[in-house]
Amino acid sequence: MASLFEYEQKLSLNRCIYEKKEIELLKWEKYNRIEKYLDKGNGECFFNNLECRNIVAQALLHFDNVRYKIVSYVIMPNHVHVVLMPYGEWMVQDIIKSIKHYSALRINRLLGRVGQVWQKESFDRIIRDEQHYQNILKYIYNNPRNLTKDSFSLYFAENLI
């Protein structure tokens, strides 16, 4: 099984020798390995702390119905999944950058620390159809199924699933 470093090398150094379909497969393999790693509770678990989770929740909801519509999110001990729909000219990467920046400042202040809170990259995607949409909502709903109720925060804008 390839390491994340090996996936990165294949993706960045050898793009010209891989077909587009192979590149997408490599990206999915990398994403799935990261998800499995995170779902096992590995990495920094800042969001085990309720105050840290609340900071992220407040950041997510701050511009809800202004810059974007939050459909759903789950804040896990070490990562977050969110479904949002940008409004107007707002770009997903700008929205996520703003949420990460603001929440990292507040979390670091709360914990009396400096340093990285979030991964540099995010894995965003366009939802293609109703089935894809429903699958993502079910994934978010089921993602914390093995956690205690006090270790995650789950939000749905309405009864969607």
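The present account deals with the structure reproduced in this document. (Residues numbered from 1 in each chain as written. Predicted model: local features only at pLDDT ≥ 70, side-chain atom pairs only at ≥ 80, totals over all residues. Heavy atoms only, no water.)

## Description of the overall build of the protein
For the record, the criterion: To qualify as a helix, a DSSP run of H or I must reach at least 4 residues; to qualify as a strand, a run of E must reach at least 2; elements of each kind are numbered from the N terminus. Each residue's exposure class comes from its accessible area (1.4 Å probe, protein chains only) as a fraction of the maximum for that residue type: buried when under 20%, exposed when over 50%, partly exposed otherwise. The contact criterion used throughout is that any non-hydrogen atoms of two residues lie within 4.5 Å. Areas reported as accessible are Shrake-Rupley estimates using a 1.4 Å probe. Residue values count occlusion only from the protein chains shown.
For the protein, the helix and strand inventory stands at five helices and three strands. Counting helices and strands in the order they occur from the N terminus, the protein gives α-α-α-β-β-α-α-β. Relative to its full complement of 161 residues, the protein shows a buried share of 35%. If you take every contact in the protein between residues at least 6 apart in sequence, the share linking residues at least 24 apart comes to 59%. Split by element, the accessible area of the protein, about 10800 Å² in all, is 53% carbon and sulfur.

## A closer look at the pairing of strand E2 (residues 80–86)
This is how the line gets drawn: For two strands to be treated as a pair, DSSP must find at least two bridges joining them.
Direction of pairing for strand E1 (residues 68–75) relative to E2: antiparallel, over a ladder of seven bridges. Paired with Ile 70 across the two strands is Leu 84, which belongs to E2. In this antiparallel pair of consecutive strands, E1 and E2, the connection spans four residues.

## Quick notes on the sheet that holds E1
In plain terms, the rule: The axes used here are C-alpha line fits, helices contributing only the stretch in contact, and every angle between their N-to-C directions lies in the interval 0 to 180 degrees.
Here we have three strands laid out as an open sheet, ordered E2-E1-E3, and antiparallel in their pairing. The open sheet has two free edges, formed respectively by E2 and strand E3 (153–156), since each of these has just one partner strand. Within the sheet, the average angular offset between the axes of one strand and its neighbour, ignoring direction, is 20°. With four bridges joining them, E1 and E3 adopt antiparallel strand pairing. Bridging from a neighbouring strand, Ile 75 pairs with Ser 153 of E3. Packing against the sheet, helix H3 (residues 50–62) makes contact with E1, E2 and E3, and its axis sits at approximately 165° to E1. Strands E1, E2 and E3 of the sheet are contacted by helix H5 (residues 130–142), whose axis makes an angle of about 145° with E2.

## Observations regarding unusual backbone geometry
The backbone phi angle of Asn 65 is positive, close to 70°, even though this residue is not glycine. Tracing the sequence through the fold places Asn 65 in the loop between H3 and E1. Classification of Asn 65 by relative accessible area gives partly exposed; the value is 48%.

## As for the side chain of Ser 72
For clarity, the cut-off: In protein, a polar contact means a hydrogen-donor-capable atom and an acceptor-capable atom, both N or O and within 3.5 Å, with residues adjacent in sequence counting only if both atoms are side-chain atoms; elsewhere, any N or O pair within 3.5 Å suffices.
As for its position among the elements, Ser 72 is in strand E1. In this structure the side chain of Ser 72 is engaged in a polar contact, spanning 3.0 Å, whose partner is the backbone oxygen of Tyr 155. Excluding residues within four positions of it along the chain, Ser 72 makes contact with His 81, Val 82, Val 83, Leu 137, Ile 140, Tyr 155 and Phe 156.

## Describing the nonpolar core
How we decide: In this text, buried Ala, Val, Leu, Ile, Met, Phe, Trp, Tyr and Cys residues form a nonpolar core when linked through side-chain atoms within 4.5 Å.
Of all hydrophobic cores here, the largest spans 20 residues; its most connected members are Phe 47, Val 56, Leu 60, Ile 75, Ile 107 and Val 117. Those elements giving two or more residues to this core turn out to be H3, E1 and helix H4 (92–111). Broken down by element, the residue count for this core peaks at six residues, all from H3. Residues within four places of Val 117 in sequence aside, it is in contact with Phe 46, Phe 47, Ala 104, Ile 107 and Asn 108. If you look at the next biggest cluster of nonpolar residues, it comprises nine residues, including Met 76, Val 83, Ile 136 and Ile 140.

As far as function goes, none of this settles anything; it's purely spatial.
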